[in-house]
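Topology and contacts: notes
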Amino acid sequence: MGILVGVGQDRVYERNVVTTKFKVIELESDGIRIEYALVGSYLDELDAYLQSGYNQNVAVLAQFLKVKMFNGKNQLQNAMNCTKLLFNPEIPESVSFKLKHSHNFDSPTQPLTHKKDTSHLSLEEEFLSLFQRMTIEELKDCQNDMVCVVFGTVKHILGEGDWWYGACVCNKGVVIESKRFFCSKCKKYVWTIVPRYRIKVRVVDDTDSATFVIFDHDGISLTNKSCLNLLHEMDQDPQSDTVPKEIGDLVEKQFLFKIEAKNDVNSNFEKSFRVKKLCGDLDIIKKFKYVAVEKVDAGLDNDIEGGVTNDLNNKFAEEATDDKYQVPNSVHVPVPVEYDSDDCTLLKGDS
């Protein structure tokens, strides 16, 4: 239970090309404040209550919540179809709670503050200020769910023929069953799919290497083309393992990656990490590297550090000499794209 002291603006969260509308409120109890993210029908409950006009000195009672890490700090979030949320409930505990905490406020009717909208952050704020910086080695050892920023160089493209996938209109990837598309989220066969980027890259820094996965929004920003347009320009054969030149050109480029780290208990496989956003701005990268160098102990043996970097670069240089990692200067696939004869839906293939 807490006193409602702040309400944020409507914001949108994107994950795996699915957008979710949410709003952050701030609760206070015993001088401690904590943020609480509301999504789904709970957001509607909040809006309905605020529109009623009773928006001062409001006691909020919430039960069955999730505790998550967001922007480097703990935050509460409702669980769908589970959390119970009440505003100024008419129960003795609520009345007692408000009387107990009334001395913390300047007046018995504590006004709400409107929290700053942080949904439109500058690149400097997003990549230099808000999130923890990590090396790839630290990222792979991380045991907490969190978002961090990692600097690295793309060394090669993985799964050359798997840089895109077919998505249902609900944005969930579909699987092919007997030449039909099945969506596990909609739990039905669908007739229309949309190609979306899913680019797997191997990234290296001075400490280690890891697989990062770049999805549709960042794929569009990197290529300046939608996945569908790129496929049409290539006259892409669904069975082809050819990497488009626009994607192949990412090799040897440096980026800041905003990464979603997950505490994956399955240790049988190497982790791959979802890229939430990336930045190739050279000025911001220089500032990131400058701060990182400042934090290094002055007694660090640069020869040793350089040796680690050279070893990693040599390792990936050897791997990149394999023909399967070569990207042609120009791409031409003579085999036409396969379409469904009924609705001209683009097919990925039967395998």
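In the block above lies the structure referred to throughout.
Our subject in this report is the structure included herewith. Residue positions are given per chain, counted from 1 along the sequence in the order it is written. Per-residue local features of the predicted model are confined to residues with pLDDT of at least 70, and side-chain atom pairs are confined, for both listing and counting, to 80 or more; whole-chain, interface and lining totals are unaffected and use all residues. Water and hydrogen atoms were dropped before computing side-chain values, which therefore reflect all heavy atoms in the structure.

1. Details of the overall build of the chain
Numbering goes from the N terminus for both helices and strands, where a helix is a DSSP run of H or I of at least four residues and a strand is a run of E of at least two. Within the chain, the regular secondary structure consists of 9 helices and 19 strands. Relative accessible area decides the class of each residue, using a 1.4 Å probe on protein chains only: under 20% of the type maximum gives buried, over 50% gives exposed, and in between gives partly exposed. Taking all 351 residues of the chain together, the buried fraction comes to 40%. Calculation of accessible area relied on Shrake-Rupley with a 1.4 Å probe; when residues are assessed, cover is drawn exclusively from the protein chains displayed. When the accessible surface of the chain is summed, it comes to about 19,800 Å², and 50% of that surface belongs to carbon and sulfur atoms.

2. Some remarks on unusual backbone geometry
Non-glycine residue F64 carries a positive phi angle of around 65 degrees. Within the fold, F64 resides in the loop between β5 (58–63) and β6 (65–70). Taking relative accessible area as the criterion, F64 reaches 48% and is therefore assigned partly exposed. Despite not being glycine, K187 shows a phi value in the positive range, around 60 degrees.

3. Some details on the sheet that holds strand β13 (residues 175–177)
Any two strands with at least two DSSP bridges between them are considered paired. Spatially, β13-β14-β15 is the arrangement adopted by the 3 strands of the open sheet, whose pairing is antiparallel. Each end of this open sheet is capped by a strand with a single partner; those strands are β13 and β15 (188–190). If you compare each strand with its neighbour and ignore which way they point, the axes differ by 50 degrees on average. Across 3 bridges, the pairing between β13 and strand β14 (residues 180–183) is antiparallel. Considered in β14, the bridge of V175 is made with F182. Each axis is a line fitted through C-alpha atoms, and for a helix only the stretch in contact is used; angles between axes span 0 to 180 degrees, taken between their N-to-C directions.

4. Some points on the pairing of strand β19 (residues 272–279)
Most of β19 is tucked away, with 6 of its 8 residues classed as buried. With 4 bridges connecting them, strand β17 (residues 209–215) and β19 associate as parallel partners. In the strand pairing of β19, I214 is matched with V275. Where strand β18 (residues 254–261) and β19 come together, 5 bridges link them in antiparallel fashion. In the sheet register, F257 faces β19, and the bridge partner there is L278.

5. Some words on helix α6 (residues 227–234)
Along α6, the positions that sit buried rather than exposed are C227, L230, L231 and M234. What you see down the axis of α6 is that its buried residues fit within an arc of 100 degrees, all on one side. Looking at the buried positions of α6, the neighbouring elements they touch are β12 (164–167), β16 (194–204), α5 (216–223) and α7 (245–248). One or two residues past the end of α6 sits D235, with phi positive at roughly 55 degrees. The arc in question is the one spanned by the directions pointing from the helix axis to the C-beta atoms. Note on contacts: a residue pair is in contact if any heavy atoms of the two residues lie within 4.5 Å.

6. A short note on the nonpolar core
We call a set of buried residues a nonpolar core when its members are Ala, Val, Leu, Ile, Met, Phe, Trp, Tyr or Cys and they connect through side-chain atoms within 4.5 Å of each other. Counting 32 residues, the largest nonpolar core has L139, W163, F212, F257 and I259 as its most contacted members. Among the elements of the structure, α4 (136–141), β11 (146–158), β16, β17, α6, β18 and β19 are those that each provide at least two residues to this core. Tallying contributions element by element places β11 first for this core, with 5 residues. Non-local contacts of F212, meaning those with residues more than four positions away in its chain, are made with I136, L139, V150, I199, K200, V201, V203, F257, I259, F273 and V275. Counting residues in each nonpolar core, the second largest holds 14 residues, with I25, Y42, V60 and L85 among its members.

7. Looking at the pattern of salt bridges
Salt-bridge detection follows one rule: a side-chain nitrogen of Lys or Arg within 4 Å of a carboxyl oxygen of Asp or Glu. Counting across every chain of the model gives 14 salt bridges. A salt bridge links D47 to K23; its shortest N-O distance comes to 3.0 Å. Within this pair, whereas D47 is found in helix α1 (residues 41–51), its partner K23 is found in strand β3 (residues 18–29), the two being separated by 24 residues in sequence. Assessed through its relative accessible area of 10%, K23 is described here as buried. The partner of K277 in a salt bridge is E126, and the shortest N-O contact between them spans 3.0 Å. Pair noted here: K277 is in strand β19 and E126 is in helix α3 (residues 123–129), with a separation of 151 residues, a long-range link. In the salt-bridge network here, residues are joined through shared partners; they are E26, E28 and R33.

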